[in-house]
Amino acid sequence: MTSVAVLGGGVGGLTAAHELAERGFDVTVYEQRDAFGGKARSMPVPGSGTGHREDLPAEHGFRFFPGFYRHIPDTMARIPGANGTVATHLTASTRMLLAQDGHRNEIVGIAERPTSLDDIEVMIRFMWETGVGLGIPPGELAWFFDRLLTLMCSCDERRFDEWEQVSWWQFMGAEQRSPAFQKFLADGMTRTLVAARAREMSARTGGLILCQLMYDLVRGDGRMDRVLDGPTSEVWIDPWVSYLRGMGVTLRGGCEVDEIDCKGHHITGVTISGPGGPERVHADYYVAALPVERLRMLVSPALSAAEPRLAALPALVVRWMNGAMFYLYRDVPLVHGHAIFIDSQWALTAISQAQFWPGIDLEKRGDGLVNGILSVDISEWKRKGGHVKKIAMHCTPAEIREEVWAELVDAIDDGSLDAANVHSWFLDPAIQQPNPTGATNLEPLLVNTAGSWADRPDAVTAIPNFFLAADFVRTYTDLATMEAANEAARRAVNGILDAAGSPASRCAIWKLREPAVLAPFRKLDQLRWRLGRQVVKPPIRVKPDGKPRHSGPLARVLLAITRRGRR
């Protein structure tokens, strides 16, 4: 039986093991920690359970499954669970709160499902009404949609060679726009995308992912914003690990990768530090499912000579995005979905968990007094807080707690966030405090920056028995997410199947969804790109009155032909 050593037991590593085991491979997963799941895993709060109760549940940060995710839900639908599969634990939220300083908060609902072919126009009308309500000038909203449509009508060559090289901030001309435009459509839209910054994130990635989220928002089919109905490991990771073991996968925790040996164009073995001391691991194929900051420490001169693209890994940027949990005596469901604290100095997003966890009796955990959990993600660790006057990474845990709670109250001061209601709190244990004035993050997050596509390797490397399955790999998703790690693992497995000459079916891989009605314009732009001409004019222009109109006779004809074909 063909053997595969998977180095890393996060979402990428477990996905690779899953796909390989289903196709008859002998798989062993080596994970540094005792627990599997990587940054997606949840954990108990140590020592919080009393009177024979379980410990309180904690996370690195809340889990978010937007509607455009297809790889992760597909995998979840193939993991047996108590009610069929673990995919049944995905539950939809219905609202999003844009929380602002001064308590000028806006709740955004999910639109009704479009019933016409004009999905783009439905999206524009919905987002226009939302934008006007947020105080964005109509002329700037028209400009925003014009830029989005320009990106959607661009061919792939232009997207990679032109829009990948500029930031979202530059692409949107945000410097010349109003404070409301900058806050909501430039900075605000990107801060929810895994610690990204508008002035750094590539316009190609930022714009295309934003379009995916907007398509999801107007679909109204319950898939725009999904969360889990319980702690991540309990309802997803633990059943997954059990299923993999049942298929014969060997999962070894407490095993750190010390060295990847390369001779010529072949991996000859891996050195692992396990519970019994160092050991040599040999397999037919190797899958590196390690985070980028860990793998680049293992790239030797021989390895980078065999696969030169690995030499570019140090150019990829990682940043902190970690979670804090506030355990409440009385539950405070802020909104039935995520709350984005758009003015917060530390770029906070939050969700009230208990309303989505109907099967979790919190009174049977901890000391029995907790009835609510407010889970908060902190995305900006290098900006001074407005209350403690220090950047987050230089704060003590007590100062982090003080600042985060104060920033939440700055936006929501209706009495619902009462400090006396806080039972206890928990900070992601990846934040380590070597001394009172510094901190180390053991699990930083890769962030997208303009031009970084050139520095990302493919899942299939130039080394015939070495493959990559992590969120820094080139994928359609192109963001450091569970979805990207899952997609990368599928690409790696397909590479192994090809290398082994296996007749097994290949893993499904899905592109991002794009409106079919714009396909002719992308083809036309491809011709213009080859001729060295400017981007094709979008077929729809949004006027300052908010009404979309055809941009010209050619656009009217092409749209009519496309719609007729879709019917």
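Residues numbered from 1 in each chain as written. Predicted model: local features only at pLDDT ≥ 70, side-chain atom pairs only at ≥ 80, totals over all residues. Heavy atoms only, no water.

Chemist: Honestly, the pattern of salt bridges in this entry has me stumped. Any pointers?
Modeler: Two side chains carrying opposite charge are able to pair once their charged atoms lie near each other. Scanning the model with the defined rule gives 35 salt bridges in all. Taken together, the shared-partner salt bridges in this structure form one network comprising Glu19, Glu22, Arg23, Asp74, Arg78 and Arg490. (Salt bridge = Lys/Arg side-chain N within 4 Å of Asp/Glu carboxyl O.)

Chemist: Looking at this structure, I do not really get the environment of Ala398. What am I missing?
Modeler: With respect to the helices and strands, the residue Ala398 is situated in helix 12 (residues 397-411). Judged by relative accessible area, Ala398 falls into the exposed class, the value being 54%. For the pair Ala398 and Ile237, spaced 161 residues apart in the sequence, the C-alpha separation amounts to 31 Å. (Helix = DSSP H or I, 4+ residues; strand = E, 2+ residues; numbered from the N terminus. Buried < 20%, exposed > 50% of the residue type's maximum accessible area, 1.4 Å probe, protein only.)

Chemist: Would you mind showing me how to read the domain arrangement of the chain here?
Modeler: A common way to state how big an interface is: give the accessible area lost once the parts meet. Taken domain by domain, the chain consists of domain 1 (3-46 + 68-81 + 233-316 + 450-500) and domain 2 (119-216 + 532-565). Of note, the centres of domain 1 and domain 2, computed from C-alpha atoms alone, are 35 Å apart. Between domain 1 and domain 2, the residue contacts involve 10 residues of the former and 16 residues of the latter. Buried area between domain 1 and domain 2, both sides added, is near 980 Å², and the carbon and sulfur share of it is 64%. Area buried by domain 1 at its contact with domain 2 is led by Phe68, Ala450 and Leu479, which between them contribute 58% of it. Where domain 1 packs against domain 2, one counts 1 salt bridge. Between Arg204 and Asp478 there is a salt bridge whose closest N-O contact spans 2.6 Å. For the interface between domain 1 and domain 2, the tally reads 6 residue pairs in polar contact (both at pLDDT 80 or more). Taken together, the residues of the side of domain 1 that touches domain 2 sort by class into 5 nonpolar, 4 polar and 1 charged. (Domains from an automatic or database assignment. Contact = heavy atoms within 4.5 Å. Buried area = accessible area lost by both parts, 1.4 Å probe. Polar contact = N/O pair within 3.5 Å; in protein donor to acceptor, adjacent residues only side chain to side chain. Nonpolar A, V, L, I, M, F, W, Y, C, P; charged D, E, K, R; others polar.)

Chemist: Got a minute to help me understand helix 1 (residues 11-22) in this structure?
Modeler: Structural remark: α-helix, 3.6 residues per turn; residues separated by three or four positions point the same way. Spanning 12 residues, helix 1 covers 16 Å between terminal C-alpha atoms, matching the ideal 16 Å at 1.5 Å per step. Taken across its 12 residues, helix 1 has 11 buried, putting it largely inside the fold. Turning to helix 1, its buried residues are Val11, Gly12, Gly13, Leu14, Thr15, Ala16, Ala17, His18, Glu19, Leu20 and Ala21. Where helix 1 terminates, the next one or two residues include Gly24, which has phi positive at roughly 90°. (Expected span 1.5 Å × (residues − 1).)

Chemist: Explain the side chain of Asn486 to me, please; I cannot follow it from the model alone.
Modeler: Along the polypeptide, Asn486 turns up in helix 13 (residues 482-500). Taking relative accessible area as the criterion, Asn486 reaches 0% and is therefore assigned buried. Once residues within four sequence positions are removed from consideration, Asn486 is found in contact with Val11, Thr15, His71, Ile72 and Thr75.

Chemist: I keep staring at the sheet that holds strand 1 (residues 3-7) and nothing clicks. Help me out?
Modeler: Taking strand neighbours across the sheet as the criterion, the 5 strands line up as 12-2-1-16-26 in an open arrangement whose pairing is parallel. Strands with a single pairing partner mark the edges of an open sheet, and in this sheet they are strand 12 (250-252) and strand 26 (466-468). Going from strand to strand, the sheet's axes swing by 20° on average, the running direction of each strand aside. The pairing of strand 1 with strand 2 (residues 26-30) spans 5 bridges and is classified as parallel. Counted as the bridge partner of Leu7 is Tyr30 from strand 2. Sheet strands touched by helix 1: strand 1, strand 2, strand 12 and strand 16 (285-288). Its angle to strand 2, the strand with the most contacts, is close to 170°. The strands touched by helix 13 within the sheet are strand 1, strand 16 and strand 26, with strand 26 carrying the most contacts at an inclination of about 160°. (Pairing = 2+ DSSP bridges. Axes fitted to C-alpha atoms, helices over the stretch in contact; angles between N-to-C directions.)

Chemist: Is there a simple way to explain the side chain of Arg226 in this structure?
Modeler: Along the polypeptide, Arg226 turns up in strand 11 (residues 225-228). Owing to a relative accessible area of 9%, Arg226 belongs among the buried residues under this scheme. Filtering out sequence-adjacent residues up to four positions away, Arg226 remains in contact with Arg63, Phe64, Phe65, Pro66, Gly67, Tyr69, Pro73, Leu90, Thr91 and Ala92.

Chemist: Any chance you could explain the nonpolar core here in plain terms?
Modeler: Nonpolar side chains in soluble globular proteins generally cluster together in the buried interior. Of all hydrophobic cores here, the largest spans 84 residues; its most connected members are Phe65, Trp236, Ile260, Phe466 and Phe472. With 8 residues, helix 13 is the single largest residue contributor to this core. In this structure, this core is formed jointly by two domains, domain 1 (3-46 + 68-81 + 233-316 + 450-500) and domain 2 (119-216 + 532-565), each of which donates at least three residues. Core analysis: the second largest hydrophobic core is formed by 44 residues, Phe144, Val517, Phe521 and Val542 among them. (Core = buried A, V, L, I, M, F, W, Y, C linked by side-chain atoms within 4.5 Å.)

Chemist: I would appreciate a short explanation of the sheet that holds strand 14 (residues 266-274) in the present structure.
Modeler: Two strands in a sheet stick together by hydrogen bonds in their backbones, pointing the same way (parallel) or opposite ways (antiparallel). Taking strand neighbours across the sheet as the criterion, the 3 strands line up as 13-14-15 in an open arrangement whose pairing is antiparallel. Of all strands in the sheet, those with a lone pairing partner are strand 13 (256-263) and strand 15 (277-281), marking the two edges. The sheet shows a mean angle of 20° between the axes of neighbouring strands, taken without regard to direction. Relative to strand 15, strand 14 is paired through 5 bridges, and the arrangement is antiparallel. Residue pairing for strand 15: Ile272 is matched across the bridge by Glu279.

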